[in-house]
Amino acid sequence: MRKLLITGGAGFIGSNFTRYMLEKYSDYQLVIFDKLTYAGNLDNLKDVEAQYGDRYAFVRGDIADPAAVDAVMQAHEVDTIVNFAAETHVDRSLMEPDAFIRTDVYGTYVLLEAANKYGVERYHQVSTDEVYGEIPAGHSSLETDPLHARSPYSASKAGGDLLCLAYYTSFDTPVTLTRGSNNIGPYQYPEKVVPLFVTNAIDDEPLPLYGDGRQMRDYQYVLDHCEGIDVVLHRGKVGEVYNLGTGVETENIVMAHAILDLLDKPYSLLRHVTDRPGHDRRYSLNVDKIRALGWESRHSFDEAIAQTVRWYVDNQWWWRKIKSGDYKEYYKKWYGQRLAGAGS
Ligand code: NAD
Ligand code: DAU
């Protein structure tokens with residue numbers, strides 16, 4: 001494993017993973033292949049380019065474009081593909097599902113075909129705990145559990161997962177998959193709840209909490225997720241799926257209070273708004289299988305949220321640019337009515 005194609009590497013987790021891998025493995029070369037959708041941002045990689053220019057390359061391209069994928073595989077003699085590229089926001093998948101099917105399902109198929117054609121050592125699919133659907137109290141999802149995806153986002157990710165496993169069974173494609181819980185940390189697009197709430201709170205804007213705010217998520221620090229993917233790439237078994245999270249769930253309202261406390265802002269900024277349709281109430285992962293590979297989450301929720309809040313306070317140059325652009329249209333469309341009819 002020397003030449004890695006990191007698809008979606010200009011996004012949140014992909015850019016953190018790129019930085020992590022270049023720092024850790026001094027003989028690895030990374031090629032970032034990214035379409036630069038609204039969520040892709042070269043600012044996320046600015047420092048990486050400056051520091052690792054000789055071992056880092058960026059190619060703009062679409063994973064759903066077979067010719068572009070073929071060209072990058074050939075030009076860079078790629079031996080490993082790590083697929084982060086996806087449409088990733090549940091709310092946007094409710095508004096415009098088309099791109100989700102195209103990238104998360106068809107794009108995965110295109111990459112798997114390239115993996116076979118070029119005989120890669122490994123194809124790793126970065127997937128999500130959302131494919132298991134809403135999890136009842138008392139259960140934590142096992143890798144062998146059936147998939148019960150309930151949003152266009154999670155259904156398209158589940159489609160990608162099933163294709164990967166089918167390619168392993170049918171063609172011996174050397175796939176591994178991780179199903180991660182909610183990541184938080186630097187460079188997360190501020191449509192996702194934590195950067196949205198932190199940046200709104202900094203500006204004394206309301207925090208739109210869906211429904212009663214008692215939904216539960218396993219919020220993990222992004223670098224723990226990156227380390228888990230690294231462990232699976234090097235020690236994971238081909239054809240296997242690994243859940244990847246802390247194994248600890250936090251209610252959204254508790255997460256929101258933690259942010260407000262860290263910023264010394266009043267709870268009156270919280271607004272209970274109309275819920276996300278089909279909102280999964282709880283996710284919960286059993287992470288015994290990845291722990292057996294020697295991986296352990298390094299950050300508690302309190303540490304992860306404190307470091308995350310600090311980063312957005314210190315890096316306003318990064319998110320203020322984003323929030324002043326097309327983002328405003330999206331925000332108005334999704335939250336306009338919700339906030340107008342909200343209760344605190
Ligand atoms: P993100 O939205 O921040 O970034 C996605 C990146 O993919 C962007 O750079 C975008 O430009 C790129 N992209 C989108 N469509 C593309 C296409 N057709 N071709 C090439 N590039 C394309 O996403 P993220 O939060 O960093 O998530 C990365 C991966 O991790 C996704 O596969 C997601 O499903 C998975 N995941 C995310 C989380 C989370 O909490 N954020 C948790 C578990 C799994
Ligand atoms: O679980 C992993 C998934 O985590 C990833 O696969 C997705 O790519 C990622 O977007 C994330 O999905 P969620 O839907 O859980 O994340 P989001 O940040 O959108 O929402 C987290 C929780 O916060 C969820 O219960 C909905 C709630 N929420 C979200 C927003 C945007 C609010 O209460 N208000 C909001 O404005």
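Owing to the predicted nature of the structure, the values given are computational and were not obtained by experimental measurement.

(A) Region of the structure containing the overall build of the chain. What the chain contains, in helices and strands, is 13 helices and 13 strands. Taken over C-alpha atoms, the radius of gyration comes to 19 Å for the chain, in line with the 20 Å a tight globule of 344 residues would show. Every one of the 344 residues in the chain was classed for burial, and the buried ones make up 58%. In the chain, the proportion of contacts linking residues at least 24 apart, taken out of those at least 6 apart, comes to 84%. The positive charge centre, built from 36 side chains, and the negative charge centre, built from 49, are 2 Å apart in the chain.

(B) Quick peek at the pairing of strand β4 (residues 80-83). Because side chains alternate across β4, one face comprises the buried residues Thr80 and Val82, and the other comprises Ile81 and Asn83, equally buried. In this structure, strand β1 (residues 3-7) lies alongside β4, joined through four bridges in parallel fashion. In the sheet register, Leu5 faces β4, and the bridge partner there is Ile81. Sheet analysis places β4 next to strand β5 (residues 122-128), joined by four bridges and oriented parallel. Its bridge partner lying in β5, Ile81 is registered against Tyr123.

(C) Structural context of the site of ligand 2. In the vicinity of ligand 2 lie 25 residues, with Thr128, Asp129, Tyr153, Arg276 and Tyr335 positioned nearest. Thr128 places a polar side-chain atom, nitrogen or oxygen, 2.7 Å from an oxygen atom of ligand 2. Val193 is positioned such that a nitrogen or oxygen atom in its backbone is 2.8 Å from an oxygen atom of ligand 2. Here ligand 2 has 680 Å² of accessible area as a free molecule, and 94% of this is covered by the chains. Put simply, the parts of the chain that give the shell around ligand 2 at least two residues each are α4 (90-95), α7 (193-202) and β8 (207-210).

(D) Molecular detail of the packing of α7 against helix α9 (residues 252-263). Look at α7 against α9: their axes get within 10 Å of each other, and the N-to-C directions meet at 35°. Handedness of the crossing formed by α7 with α9: right-handed. Contacts between α7 and α9 involve Val193, Val194, Phe197, Val198, Ala201 and Ile202 from the former and Met255, Ala256, Ile259, Leu260 and Leu263 from the latter. Of the residues contributing to the contact of α7 with α9, the split by class is 11 nonpolar, no polar and no charged.

(E) Quick look at the layout of surface pockets. By volume, the largest pocket amounts to about 450 Å³. Along the walls of the largest pocket sit 19 residues, with Tyr38, Arg92, Tyr189, Asp326 and Tyr330 positioned nearest its centre. Secondary structure elements with two or more residues in the lining of the largest pocket: α4, α5 (98-117), α12 (316-323) and α13 (327-340). The biggest single contributor to the lining of the largest pocket is α13, with four residues. Among the residues forming the lining of the largest pocket, the class breakdown is nine nonpolar, three polar and seven charged.

(F) Just helix α8 (residues 222-235), in detail. The end-to-end C-alpha distance of α8 is 20 Å, a good match for the 20 Å that 14 residues give at a rise of 1.5 Å each. Counting buried positions over the 14 residues of α8 gives 11, a clear majority of the element. When we look at burial in α8, the residues that qualify are Val222, Asp224, His225, Cys226, Glu227, Gly228, Ile229, Asp230, Val231, Val232 and Leu233.

(G) Region of the structure containing the side chain of Thr250. Mapped onto the secondary structure, Thr250 falls in strand β12 (residues 250-251). If near-sequence neighbours (up to four positions away) are discounted, Thr250 is found in contact with Gln215, Met216, Arg217, Tyr219, Met255 and Phe301.

So, how was this worked out
- Residues numbered from 1 in each chain as written.
- Chains lettered and ligands numbered in written order.
- Predicted model: local features only at pLDDT ≥ 70, side-chain atom pairs only at ≥ 80, totals over all residues.
- Heavy atoms only, no water.
- Helix = DSSP H or I, 4+ residues; strand = E, 2+ residues; numbered from the N terminus.
- Rg over C-alpha atoms; globule rule 2.2 N^0.38 Å.
- Buried < 20%, exposed > 50% of the residue type's maximum accessible area, 1.4 Å probe, protein only.
- Contact = heavy atoms within 4.5 Å.
- Lys, Arg positive; Asp, Glu negative; His and termini not counted.
- Charge placed at Lys NZ, Arg CZ, Asp CG, Glu CD.
- Pairing = 2+ DSSP bridges.
- Near = heavy atom within 4 Å.
- Polar contact = N/O pair within 3.5 Å; in protein donor to acceptor, adjacent residues only side chain to side chain.
- Areas by Shrake-Rupley, 256 points an atom, 1.4 Å probe, with all protein chains shown as cover.
- Axes fitted to C-alpha atoms, helices over the stretch in contact; angles between N-to-C directions.
- Left-handed = near helix turned anticlockwise from the far one by under 90°.
- Nonpolar A, V, L, I, M, F, W, Y, C, P; charged D, E, K, R; others polar.
- 1 Å grid on protein atoms, 1.4 Å probe; cavity = no way out; pocket = protein on both sides within 12 Å on 5 of 7 lines; lining within 4 Å.
- Points joined across faces, edges and corners; volume = space filled by probe spheres on them.
- Expected span 1.5 Å × (residues − 1).

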